[in-house]
Every structure is written in structure tokens, then in C-alpha cells.
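Letter by letter, the chains look like this.
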Amino acid sequence: MTSFTVPESGLTSMTAADLAEAIHSRQVTSREVTSAHLDRIADTDGEINAFLHVGAEQALAAADAVDESLDRGEAPASALAGVPLALKDLLTTTDAPTTAASKMLEGWMSPYDSTVTTKIRQAGIPILGKTNLDEFAMGSSTENSAFGPVRNPYDLDRTPGGSGGGSSAALAAGQAPLAIGTDTGGSIRQPAALTNTVGVKPTYGTVSRYGLIAAASSLDQVGPTARTVLDTALLHEVIAGHDSFDATSVDRPVANVVAAARKGATGDLSGLKVGVVKQFDRAGWQPGVMDNYHESLAQLTSQGAEIIEVDCPHFDDALAAYYLIMPCEVSSNLARFDGMRYGLRAGDDGTHSADKVMSISRAEGFGDEVKRRIIVGTYALSVGYYDAYYLQAQRVRTLIAQDFAAAYEKVDVLVTPTTPTTAFKLGEKVSDPLEMYNFDLCTLPLNLAGLCGMSVPSGFATDSNLPVGLQIMAPAFADDRLYYVGAAFEAGRSKA
Ligand code: GLN
């Protein structure tokens, strides 16, 4: 049987750091590395559906440019020059369609590159293609994609999570050693947990949102994903930094995440205070996930960390607050998809008014979950309900931020399981949106507070034999702490 997880050997089995070293020391060319990944995509993506678009020609041209520059004796453009990457199809690219996995934008070509796309190109990183997601990043399983769900390489009957299931599945299948995700309520960390990969949601404002198709602007953040903590750190340093094109971009130096990952690789956590969030240590969750979580805590202790239980009472209200604020922002952001300016236009046969054409276009272009959120958000923002819903949810947001602040007075990082269960079956939750939303419990508080977090692989649940992730959270702008603790945890696991 064809295996869908990372091959045992060969270029597609290697880490990005090792590939970069091999390319820069001329043991292998970027073209060979890029071709190997394109071949792997061709062999496996019929089953996995991680990619909405593969740009073989452009990827190989970018690879050749790196090889030629190395031939001329020039220094590599970045630590990752020549190592290919998969880009979530929510970021604009001028040389490939940007669809947000929606019929509304099918085939749409952006007139400009997102800042993250530009930084990736400038770093000499070939872009293999654009990865599948839940439509406009709304969902937790990729089943809301207008172009079919992504399948988990560990079990093709199951979801790789969402919304960034395509990026995470691509990593888990050895289709790409690096991938870009976006995280509004967990879309980087949750799929990472379900696919045995690493995903980081950076501090809000530290990675540019320019050219990221907005879902909920006060929550959205672009972030790096890979199969190791060091690879994720290397990519983090490529994409982070101030951008005057993003009004919420923060003008301060990028955290030293690569150095932190290297420091963590020694596995020594002495002196570190780890807060265990009481609210997310629940007896009712999947026993195999909770057993794995408790083993992770024991491992952190054995590495020298001190475990301290912390109370974050308002985390329980994060789900209700998020699923009000998020749709409110969606209802406003997605108003631009009106069939007039770009994307799908339907019903424009000369018999309908402009208003009617807009309404036919939106009815045809958006899927059910997107429509549900637009309706909920519009309702919650309407006169008479604004105070009761939106304003109330914003107050809860403040309480959650205060819970974090109080916790970080006592501890350096917080940990929780990333998800309450391992990967669920495709189809299992589609008819029950609340069940789907519940799956996001652990990842939402962080976005509401604008802080940073990582999901790092913590092994496999004994009751499902599927991957589990440990979520590590840190204060705003302490992204380097995630990498230090994540790398130490990863090192501790490989020694165990
Ligand atoms: N699952 C969450 C939602 O549907 C988070 C999505 C995301 O982070 N983009 O809103």
C-alpha cells in the first residue's frame, strides 16, 4: 500500500534545516529538492487533496534562481534559501490563483503579492503551490472547502483539522518541508496537533496581514508550520517583521526565535515555571489525549520545569465570545465580495438590478458556514443587539486577557492539550456546527487576547493511535519562549 505519511528516507523525509544545509553546501540542488517534493505531491495528492493549485513551473524557476546564485558563489538569500514551501490559499500571489477555497474567488488572480509572499520570495524559498482550507478559513476540518476536504495522511477517513488542514497535511505527507498557515481561532495549531506537526500562532501584529484575505481582522494572524521546532523557527524569522502596509503591524524587533529553538534543543528546562490551565485539564475529554497530556507534563518536570496549576476562569467563556466577535467581523469583512468588484458574478443577465445581482452572486458564491456566520454577525451587530451581544463579547475578551495577565505573573508559559480529541472522522461533525465549534475550545482564548502559542507533537494517543499535540502559550512578544520550551520538549521526547 502507498504510504501517505512522510517517507522513511530521501529528500522528502528531511527537515528544512538539513535540506538547507545540503543545498547551501552544494550536495544537492534546490531543483532536485523541489522536484522531489513536486513528485511526492503528484504521487499522493489525488488522495490527500492538500493542494488547490500546484505551481511546478514557478517553483522550479525559483529553485533554479537559487542554484544559479549559489553557482556564482553568492551567499544564500536566507537560512532557508532553496527549500520549498506550501502556502495557504488565503494569501495573495500574483502568479497563482488565490481562492480562499471559495467558489466566490474561483480562478481569481491577485494583482499583488501579500507581504508574507514577498518575504518568502525574497528569501529564495520556492512556492510549491497553494493549500486547501475551510472556505475563508471558517471551520475546523477543511470540510467547508468548496473544492473538497483534505484527508489526514495518518488516516484517510479522518480530517487533518482546519482551517489550515491543507498546509498541515502537506507537511505530514512529506509533500512540503515548510508551510504557511493562518490562525484566527486555532487554524494553525489545531491541524498541527492532528497531523504530528509543529504550528505557531505568532503574537498579534508581528507578522503582516497585508494580502491576507481577512476573516476576522482583530484575530487573524499568519504563522509558520513545519515538522520540527527549529524549522518552524527558521520560517518564523523569514515572515515576521514590521510592515507599514498593515495598520496593526507592530514596529519592534522580531523575537530571536531561532536562537531560542537552538537553546531549547539541549532539553534543559530548569528554572522554568509551567502553568497548567485548570479549565483545560478535563476528565471528560478523550482518555488517550488526557493520558498523553499528563505524560507530557511529567516529561516537562523530568526536564527540570516546575508545574504549577493556574486558574483561568474566563477561558470557559472564550467559545461564546469568539463565536460572536468572529462572525461580526466576518459580516463586515466579507461585504466586499458583492459580485461587482472581483470574483463570481451571477445573475447578471440584464434583467436584474445591481442589488439583485449582488444577492444572487453571494447566494451562489458562499457556502453554508460562511453564510451562517454572515447572518449571525449581521444580527449581532444590528441596532438593539449590539450592546447585548457584540459589546458583551468584547467585555469577555478583556476578562480573558486579564486571566492571561494574572497567570503570567506566576508562570513563564501555559500549557493545555491543543485539542480535546484526536482527528475525527470526515462527516462526523458536519451536520452539527456547535459540535464543530466545541473542538476549538483550547485554542480560542489566545487569539482573543492577541498572544502567541505553539502546538508541538506529543506522541500518539493509545486509544486511537493518532497524533496528539501539546499547546504551549506565552505572553505577547515572548514568541521566543515558545520555541525554547517547544524545542526542549521535542528534544526530551526524542530521548525518551
Ligand atoms: N475553527 C475556528 C473557526 O472556524 C478557527 C478558524 C481559524 O483559525 N481560521 O472560526
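It should be noted that the structure appears before, not after, this text.
As the structure is a computational prediction, the values presented were derived from the model and not from experiment. (Residues numbered from 1 in each chain as written. Predicted model: local features only at pLDDT ≥ 70, side-chain atom pairs only at ≥ 80, totals over all residues. Heavy atoms only, no water.)

### What about the overall build of the chain?
We count it as follows: For helices the rule is a DSSP run of H or I covering at least 4 residues; for strands it is a run of E covering at least 2, with both sets numbered from the N terminus onward. Each residue gets one of three labels from its accessible area relative to the maximum for its type: buried under 20%, exposed over 50%, partly exposed in between, using a 1.4 Å probe on protein chains only. Any two residues whose heavy atoms approach within 4.5 Å at even a single point are treated as in contact. Residue-level accessible areas treat just the shown protein chains as cover; the underlying method is Shrake-Rupley with a 1.4 Å probe. Only four residue types enter the charge count: Lys and Arg as positive, Asp and Glu as negative, with His and the chain ends excluded. To locate a charge, the coordinates of NZ of Lys, CZ of Arg, CG of Asp or CD of Glu are taken.
When helices and strands are tallied, the chain shows 16 helices and 11 strands. Scored against the burial criterion, the 496 residues of the chain give a buried share of 60%. Taking all contacts inside the chain whose residues are at least 6 apart in sequence as the whole, residues at least 24 apart take part in 76%. Split by element, the accessible area of the chain, about 17,900 Å² in all, is 51% carbon and sulfur. Of note, the chain has its 37 positive side-chain charges centred 3 Å away from the centre of its 59 negative side-chain charges.

### Looking at the packing of aromatic side chains
Cut-off, in case you're wondering: Note on aromatic contacts: the rings of Phe and Tyr and the six-membered ring of Trp form a pair at centre separations within 6.5 Å, being stacked when their planes are under 30 degrees apart, edge-to-face when over 60 apart, and tilted otherwise. Whether a charge sits over a ring depends on NZ of Lys or CZ of Arg being within 6 Å of the ring centre and within 35 degrees of the ring normal.
Scanning the entire structure with this criterion turns up 19 aromatic pairs. Pairing Tyr379 with Tyr389 gives two aromatic rings, centres 6.1 Å apart and planes at 45°, and the pair type is tilted. You can see Tyr379 sitting in helix 12 (residues 368-381) and its partner Tyr389 sitting in helix 13 (residues 387-410), a full 10 residues away along the chain. For Tyr389, a relative accessible area of 32% corresponds to the partly exposed category. Just above the ring of Phe477 sits the side chain of Arg252; from NZ or CZ to the centre is 3.9 Å. A cation sits over an aromatic face here: Lys263 above Tyr484, 4.5 Å from the ring centre.

### A word on a nonpolar patch on the surface
Test applied: Patches here: salt-bridge-free residues with over 30% relative accessible area, like charges joined within 9 Å, nonpolar side chains (Val, Leu, Ile, Met, Phe, Trp, Tyr) joined within 5 Å. Whenever Lys or Arg places a side-chain nitrogen within 4 Å of a carboxyl oxygen from Asp or Glu, that contact is recorded as a salt bridge.
There is a patch of nonpolar side chains on the surface, built from Tyr379, Tyr385 and Tyr389 and spanning about 280 Å² of accessible area. Considering the arrangement of structural elements, one finds Tyr385 in the loop between helix 12 and helix 13. On the accessibility criterion, Tyr385 (32% relative accessible area) is partly exposed.

### Quick notes on the pattern of salt bridges
Two side chains carrying opposite charge are able to pair once their charged atoms lie near each other. Taken as a whole and judged by the stated rule, the model has 15 salt bridges. The salt bridge partner of Asp246 is Arg209, with a shortest N-O separation of 3.5 Å. Residue Asp246 is found in the loop between helix 7 (229-239) and helix 8 (257-264), and its partner Arg209 is found in the loop between strand 5 (198-201) and strand 6 (222-226); the two are separated by 37 residues along the sequence. Across the pair, Arg209 and Asp246 agree in class, each one buried. Ionic pairing is found between Arg372 and Glu369, a salt bridge with its closest N-O pair at 2.3 Å. Note that Arg372 and Glu369 are positioned in helix 12 at a spacing of 3 residues, about one turn of the helix.

### Let's talk about the site of the ligand
Definition in use: Whether a residue is near a molecule or strand depends on its heavy atoms: it is near if one of them lies within 4 Å of it. N or O atoms closer than or at 3.5 Å make up a polar contact, with two conditions inside protein: a donor-capable atom paired with an acceptor-capable one, and, for residues adjacent in sequence, both atoms drawn from side chains. Under the scheme applied, nonpolar residues are Ala, Val, Leu, Ile, Met, Phe, Trp, Tyr, Cys and Pro; charged residues are Asp, Glu, Lys and Arg; polar residues are all the others, including Gly.
Taken together, 15 residues surround the ligand, and among them Gly185, Ser187, Tyr322, Arg373 and Asp440 come closest. Here a nitrogen atom of the ligand sits 3.0 Å away from a polar atom, N or O, in the side chain of Ser140. Note that a nitrogen atom of the ligand is positioned 2.7 Å from one of the side-chain N or O atoms of Asp440. Its residues assigned to classes, the shell around the ligand comprises 5 nonpolar, 7 polar and 3 charged.

### Some words on the sheet that holds strand 2 (residues 85-88)
To keep it simple, the criterion reads: At least two DSSP bridges between two strands are required for those strands to pair. Fitted lines through C-alpha atoms serve as axes, helices being fitted only where they are in contact, and the angles separating the N-to-C directions of these axes extend from 0 to 180 degrees.
Overall, mixed pairing links the 11 strands, which are arranged 1-3-2-4-6-5-10-11-9-7-8 in an open sheet. Every interior strand has two partners, whereas the edge strands, strand 1 (51-54) and strand 8 (306-310), have only one. Strand-to-strand twist of the sheet, defined as the mean angle between neighbouring strand axes without regard to direction, takes the value 25°. Along the sheet, helix 5 (residues 165-172) contacts strand 1, strand 2, strand 3 (127-131), strand 4 (178-182) and strand 6; its crossing angle with strand 4, the most-contacted strand, is approximately 160°.

### Here we look at helix 8
Worth spelling out the cut-off: Along the arc lie the directions from the helix axis toward the C-beta atoms.
For helix 8, the complete set of buried residues consists of Val257, Val258, Ala260, Ala261 and Gly264. The buried residues of helix 8 occupy an angular sector of 160° when projected down its axis, which confines them to one face. In helix 8, those exposed residues whose orientation departs by more than 90 degrees from the buried face are Arg262 and Lys263. Looking at the buried residues of helix 8, the elements they touch are helix 7 and helix 16 (479-495).

### Let's talk about the pairing of strand 11 (residues 467-474)
Counting buried positions along strand 11 gives 8 out of 8 residues, so the element sits mostly inside the fold. With 4 bridges connecting them, strand 9 (residues 413-417) and strand 11 associate as antiparallel partners. Considered in strand 11, the bridge of Thr416 is made with Gln471. Pairing geometry for strand 10 (residues 452-460) and strand 11, over 7 bridges, is antiparallel. Of the residues in strand 11, the one forming a bridge with Ser455 is Gln471. Counting the residues that bridge the hairpin from strand 10 to strand 11 gives 6 residues, and of these Asn465 lies at a positive phi of roughly 60°.

### Notes on unusual backbone geometry
Of the consecutive residues Gly162 and Ser163, the connecting peptide bond is found in the cis state with omega at 5°. By secondary structure assignment, the location of Ser163 is in the loop between strand 3 and helix 5. Positive phi is not limited to glycine here, since Asn49 has a value of about 65°. Within the element layout of this structure, Asn49 appears in the loop between helix 2 (30-48) and strand 1. Even without being glycine, Phe477 reaches a positive phi, approximately 70°. Considering the arrangement of structural elements, one finds Phe477 in the loop between strand 11 and helix 16. Take Phe477: its relative accessible area is 29%, and that puts it in the partly exposed class.

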